[in-house]
Amino acid sequence: MKILKTMLGLGAAFAVTLSSAAAFAEGYPERTITMVVPFAAGGPTDTVARLVAESMSKDLGQQIIVENVGGAGGTLGAGRVAAAPADGYTVLLHHIGMATSATLYRKLAYDTLNAFDYVGLVTDVPMTIVARKDLEPADLKGLVDYMKANKDTVTVANAGIVTASHLCGMLLMSAIDTPLVTVPYKGTGPAMTDLLGGQVDIMCDQTTNTTKQIQGGTIKAYAVTSPARLDVLPDVPTAAEGGLADFQVGIWHGIYAPKGTPSEAIERLSKSLQVALKDQNVAARFAELGTAPSPEADATPAALKAKLESEIARWKPVIEAAGQFAD
Ligand code: ASP
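Residues numbered from 1 in each chain as written. Predicted model: local features only at pLDDT ≥ 70, side-chain atom pairs only at ≥ 80, totals over all residues. Heavy atoms only, no water.

Student: Account for the packing of aromatic side chains, naming residues and giving values.
Tutor: The description of an aromatic ring pair uses the distance of the two centres, along with the angle that the planes make with each other. This model, assessed by the stated rule, comprises four aromatic pairs. Between Tyr28 and Tyr89 the ring centres are 5.4 Å apart and the planes differ by 65 degrees, which places this aromatic pair in the edge-to-face class. Of the two residues, Tyr28 sits in the loop between helix H2 (10–27) and strand E1 (33–37) while Tyr89 sits in the loop between helix H4 (75–82) and strand E3 (90–95), which places them 61 residues apart along the sequence. Grouping residues by exposure puts Tyr28 and Tyr89 together as buried. Ring-pair connections join several aromatic residues into one group, and the members of that group are Tyr110, Phe116, Tyr118 and Tyr256. The ring of Tyr89 has Arg31 lying over it, and the distance from NZ or CZ to the ring centre is 3.8 Å. (Phe/Tyr/Trp six-rings, centres within 6.5 Å; stacked < 30°, edge-to-face > 60°. Helix = DSSP H or I, 4+ residues; strand = E, 2+ residues; numbered from the N terminus. Buried < 20%, exposed > 50% of the residue type's maximum accessible area, 1.4 Å probe, protein only. Lys NZ or Arg CZ within 6 Å of the ring centre and 35° of its normal.)

Shown next, in the form of C-alpha cells:
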C-alpha cells in the first residue's frame, strides 16, 4: 500500500482501497475457512464449534473446517489464530479462558485485547460436577465428605491451566476448603475418556460434554452449576440444593479473527453466526446438550468485545489474589 501511495498519490490509493474492499465484500468467502478450536476433538468446545460451523458453512456457501489445536489451556490455539493471516479465512472459537488466560499466563504469544477482531458471542454453557460411575458417594453432600476424607488420593480432571474445568475445579476446592490432586488433559474430551474408564475420579465440566453420558448412566452426576435445574437433566440438583450455596458457573463462548481482518469479512461472519444461532437444528442440539444459543444482539463484534473486556477486568483481581500463575 505504501508503494501504491507513492506512485498514485493519496487520493488514488484511497480509491484503490475502496474498490478492492468492494470486490472483497462481493466475493467473500471464496474458499474454505478454518475455525481453530483450542482444545482436543470430541470435547465441549469442539462440540459447540462443529454445530455452529456446520450451520455457518451453509449460510456462507463455503465450508468451515474445524482444526483442533489443544494444549497450554487454549493459549496455543489462540496464538495460532493471532499469528494467522488477517484475511477472513482463519477464525478462533474460544470460551471464558480467553479472558482468564490474559491474567493467568505470565507470558502469552499474543496481546489478548489487541491481537483479535471480534465476530460475536455464541453460547453460555452451564457446568456439571460429575464422577466415574462407581464412585461411592450418593449425593453432593456425601461427595464433599468423601473428597475431604480422601484428599490425597481423589483425582480431579481438567483441560489444563485456565480452562473452564480447571476454574470450576478450583472453585469446588475452594468451596470445600480442601486442595485435591488435579490431572490436566488437552481438553475434557480425552479427560472424559479417562473418567469413563475409571482412571480419574471427578471432573467439573460443561453440559455440552456431560449431558449424554449422564443420561446414559455412564458417569455419575452430583450437581449442575446453573441457578436452576436443567430441563435435560431434571434429576440432577443444583450445587446450591446440594449444599454449596453460590456455586454458579457459566462458560461463555465467542468467535474471534486475527486483528486487521477486513471489516466486510467480519460483518459477513457475524451475520452468518446470527443465522446459525437462529437455525432450528442448532437450537435443538444446544437444548439437548443443556445450553442455548446467545441472543442475536450478542452475536455481534461489539457485544463480544465488551464481554471480553469486562471478563478480563472481573477475573484479574480474583486470579491475582489467588496468586497462581502459569508460564
Ligand atoms: N473447553 C475445554 C474443552 O473443550 C474444556 C474446558 O475448558 O474445561 O476441552
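Student: Can you explain the nonpolar core? Please cite residues and give values.
Tutor: Core analysis: the largest hydrophobic core is formed by 52 residues, its most contacted members being Phe116, Ile129, Met147 and Tyr256. Leave out the neighbours within four places in its chain, and Ile129 touches Leu140, Leu143, Leu172, Met203, Cys204, Lys220, Ala221, Tyr222, Ala223 and Phe247. Among the nonpolar cores identified, the runner-up in size contains 32 residues, and Tyr28, Val66, Val122 and Leu277 belong to it. (Core = buried A, V, L, I, M, F, W, Y, C linked by side-chain atoms within 4.5 Å. Contact = heavy atoms within 4.5 Å.)

Student: Now, about the site of the ligand: what can you tell me, with residues and values included?
Tutor: In the vicinity of the ligand, the residues found are Phe39, Pro44, Thr45, His95, Ala159, Thr163, Ala164, Ser165, Gly187, Thr188 and Gln206. At a separation of 2.6 Å, an oxygen atom of the ligand approaches a polar side-chain atom of His95. Ala164 places a main-chain nitrogen or oxygen 2.9 Å from an oxygen atom of the ligand. Isolated, the ligand exposes 260 Å² of accessible area, and the fraction of that covered by the protein chains is 100%. Elements that contribute at least two residues to the shell around the ligand include exactly helix H3 (44–60) and helix H7 (164–176). A per-class count over the shell around the ligand returns four nonpolar, seven polar and no charged. (Near = heavy atom within 4 Å. Polar contact = N/O pair within 3.5 Å; in protein donor to acceptor, adjacent residues only side chain to side chain. Areas by Shrake-Rupley, 256 points an atom, 1.4 Å probe, with all protein chains shown as cover. Nonpolar A, V, L, I, M, F, W, Y, C, P; charged D, E, K, R; others polar.)

Student: Break down helix H11 (residues 280–288) for me, citing the residues and quoting the values.
Tutor: The distance from a side-chain oxygen at the start of H11 to the backbone nitrogen of Asn281 is 2.8 Å, and the residue carrying that oxygen is Asp279. Backbone geometry just downstream of H11 places Gly290 in the positive-phi region, at approximately 80 degrees.

Student: Account for the packing of H3 against H11, naming residues and giving values.
Tutor: Two measures define how a pair of helices packs: the angle their axes make with one another and the distance between the axes. Axis separation between H3 and H11 bottoms out at 10 Å; the angle between their running directions is 170 degrees. One element, H3, and the other, H11, form an angle in the roughly antiparallel class. Contacts from Val48, Leu51, Val52 and Ser55 of H3 reach H11 at Val282, Arg285 and Phe286. For the contact of H3 with H11, the per-class residue count stands at five nonpolar, one polar and one charged. (Axes fitted to C-alpha atoms, helices over the stretch in contact; angles between N-to-C directions. Parallel < 35°, antiparallel > 145°, perpendicular 65-115°, else oblique.)

Student: Any chance you could break down the environment of Met147 for me, citing the residues and the numbers?
Tutor: In this structure, Met147 sits in helix H6 (residues 140–149). According to the relative accessible area criterion, Met147 is buried, its value standing at 0%. The spacing of Met147 and Leu180 is 33 residues in sequence and 7.7 Å in space, taken between C-alpha atoms. Setting aside residues up to four positions removed in sequence, Met147 forms contacts with Val154, Leu172, Ile176, Thr178, Leu180 and Ile202.

Student: Tell me about the state of the cysteines, residues and numbers included.
Tutor: In a disulfide, the sulfur atoms of two cysteines are held together by a covalent bond. Under the defined criterion, the tally for this structure stands at one disulfide. Covalently, Cys168 is tied to Cys204 through a disulfide, its sulfur atoms 1.9 Å apart. On the criterion of sequence distance, the pair formed by Cys168 in helix H7 and Cys204 in strand E7 (residues 202–206) is long-range, its members being 36 residues apart. Each of the two residues, Cys168 as well as Cys204, counts as buried. (Disulfide = S-S within 2.5 Å.)

Student: How would you explain the pairing of strand E2 (residues 64–68) if you had to name every residue and give the values?
Tutor: Relative to E2, E1 runs parallel, the two sharing five bridges. Looking at the pairing, Val37 lines up with Asn68 of E2. Regarding topology, H3 serves as the crossover connection from E1 to the parallel E2, and that connection is right-handed. (Pairing = 2+ DSSP bridges. Right-handed = clockwise from strand over helix to strand, strands pointing away.)

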